[in-house]
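Single-letter residue listing:
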Amino acid sequence: MLQQTQVATVVDYYERWMERFPDVRTLAAAPESDVLHAWQGLGYYSRARNLHAAARVIAGDYGGIFPRATERILALPGVGPYTAAAVATFAFDQPTPPVDANIIRVTARLLDYCKPIDNAAGLSHIRAAAEQWQPSEEEGGAGIFNEALMELGALVCTPRSPRCSACPVRIFCRAEAPETLPLKRPRPRRVELEEHCGWIVRDDQVLLEQQTGKRWRGLWRLPILTEPHSGIPLAALAYPFTHHRVNLSVFPGTTPLFLTENQHWFSLAELEAVPMTAPHRRALQKLLPKANA
Ligand code: SF4
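Conventions and cut-offs
Residues numbered from 1 in each chain as written. Predicted model: local features only at pLDDT ≥ 70, side-chain atom pairs only at ≥ 80, totals over all residues. Heavy atoms only, no water. Helix = DSSP H or I, 4+ residues; strand = E, 2+ residues; numbered from the N terminus. Near = heavy atom within 4 Å. Nonpolar A, V, L, I, M, F, W, Y, C, P; charged D, E, K, R; others polar. Axes fitted to C-alpha atoms, helices over the stretch in contact; angles between N-to-C directions. Parallel < 35°, antiparallel > 145°, perpendicular 65-115°, else oblique. Contact = heavy atoms within 4.5 Å. Salt bridge = Lys/Arg side-chain N within 4 Å of Asp/Glu carboxyl O. Buried < 20%, exposed > 50% of the residue type's maximum accessible area, 1.4 Å probe, protein only. Domains from an automatic or database assignment. Phe/Tyr/Trp six-rings, centres within 6.5 Å; stacked < 30°, edge-to-face > 60°. Lys NZ or Arg CZ within 6 Å of the ring centre and 35° of its normal.

Draft legend 1. Spotlight on unusual backbone geometry. The residue after L181, namely P182, is reached through a cis peptide bond having omega 0°. Tracing the chain through its elements places P182 in the loop between helix 9 (142-156) and strand 1 (191-199). The backbone of D204 shows a phi angle near 60°, a positive value even though the residue is not glycine. Along the chain, D204 falls in the loop between strand 2 (201-202) and strand 3 (205-210). For T242, which is not glycine, the phi torsion reads 45° and is therefore positive.

Draft legend 2. Molecular detail of the site of the ligand. In the region of the ligand, the neighbouring residues are R109, L110, C157, C164, C167, R170, C173 and P178. Here the shell around the ligand is built from residues that sort into six nonpolar, no polar and two charged.

Draft legend 3. Here's a closer look at the packing of helix 7 (residues 101-111) against helix 9. It is the contact of helix 7 with helix 9, at a shortest axis distance of 8 Å, that shows an interaxial angle of 80°. Here helix 7 is positioned roughly perpendicular relative to helix 9, judged by the angle of their axes. Counting all contacts with helix 7, which are made through N102, I103, R105 and V106, the residues of helix 9 involved are N146, L149, M150, L152, G153 and A154. The class makeup of the residues in the contact of helix 7 with helix 9 is six nonpolar, three polar and one charged.

Draft legend 4. Layout of the side chain of T70. Among the secondary structure elements, T70 is positioned in helix 5 (residues 70-74). Sequence-distant contacts of T70, defined by excluding residues within four places in its chain, comprise A84, A85, A88 and T96.

Draft legend 5. Quick peek at the pattern of salt bridges. Evaluation of the coordinates by the stated rule reveals five salt bridges. When the shortest N-O distance is used, the salt bridge between R49 and E32 registers 3.7 Å. Of the two residues, R49 is situated in helix 4 (residues 45-61) and E32 in helix 3 (residues 32-39); the sequence distance between them amounts to 17 residues. For R49, a relative accessible area of 39% puts it in the partly exposed group.

Draft legend 6. Highlighting the domain arrangement of the protein. If you check the domain split of the protein, you get domain 1 (7-92), domain 2 (101-180) and domain 3 (191-292). With centres defined by C-alpha atoms, the gap from domain 2 to domain 3 works out at 51 Å.

Draft legend 7. Local environment of the packing of aromatic side chains. Here the structure, examined in full by the defined rule, presents four aromatic pairs. An angle of 80° between the planes, with centres 5.5 Å apart, marks the rings of W17 and W39 as edge-to-face. Of this pair, W17 sits in helix 1 (residues 7-20) while W39 sits in helix 3, and the two are 22 residues apart along the sequence. Of the residues examined, W17 reaches a relative accessible area of 6% and is grouped as buried. For W39, a relative accessible area of 1% gives the class buried. Judged by centre distance (4.9 Å) and plane angle (80°), the rings of W220 and F266 are edge-to-face. With W220 in strand 4 (residues 220-221) and F266 in strand 7 (residues 263-267), the pair connects residues that are 46 residues apart, well separated along the chain. Accessibility classification places W220 together with F266 in one group, the buried group. Looking at R16, its charged tip hangs above the ring of Y13, at a distance of 5.0 Å from the centre. Here the basic side chain of R202 rests over the ring of W265, its NZ or CZ set 4.3 Å away from the ring centre.

As structure tokens, this is what we get:
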């Protein structure tokens, strides 16, 4: 319930939910319409459906007892690796670190890990180290240990100004410039692209062309001019595309003798209903007053 929702909003829902479904068997036996009704107002209904499906697995396969092993928790509907590790460690004291941003930051700094952590190799290095530090099941205390690691990241080893002088683990810490860690892969430099399109109007009709490329297949846009144009455009705007910034300029175009198979004339009245890429729709909105003038 707390995903994407504030605690103050959730409390009433939680109390009503627990009255309506006081245990996992009651939830498992409830019709889906009751479950969705009790969830109404919280949004993201897939969470309610997953909770219901998970209750059915727990009631059916585990006799109504929540499984303790991380891999079994992970197999429940709607549960990902982070949630599985968090439930296993906080509820059942399992040595499974829930590797969130705090644990990543603290671990990278303790190890002085100076490689990017936002790729599979970096993340698995951090995860392996955090796993290695866990107390064993026999020793116990993994839940407290992981909570402490997360709290350390939230309160002491903070992203911008780590309070190393007050840090309880500073004698183990190898970080030389902690505020620079963890490292992330450099973002590719943004490249500017020019896109020149034609504004071609005939008898209250506008010429558009349908895209065939992967990204916007089937959507319509203003026709691309094959020759680059100079001068003052009728409309201009910019939009991002992966690591590019595309400068879209629309110039007056000449009516072609023949249309290509993906070009079509649309009446001004039809344009509203034509599916278009967002930047070309915005350009069209700038241009239409000129066509109507
Ligand atoms: S000594 Fe500093 S960098 Fe190292 S874990 Fe503590 S707060 Fe973080």
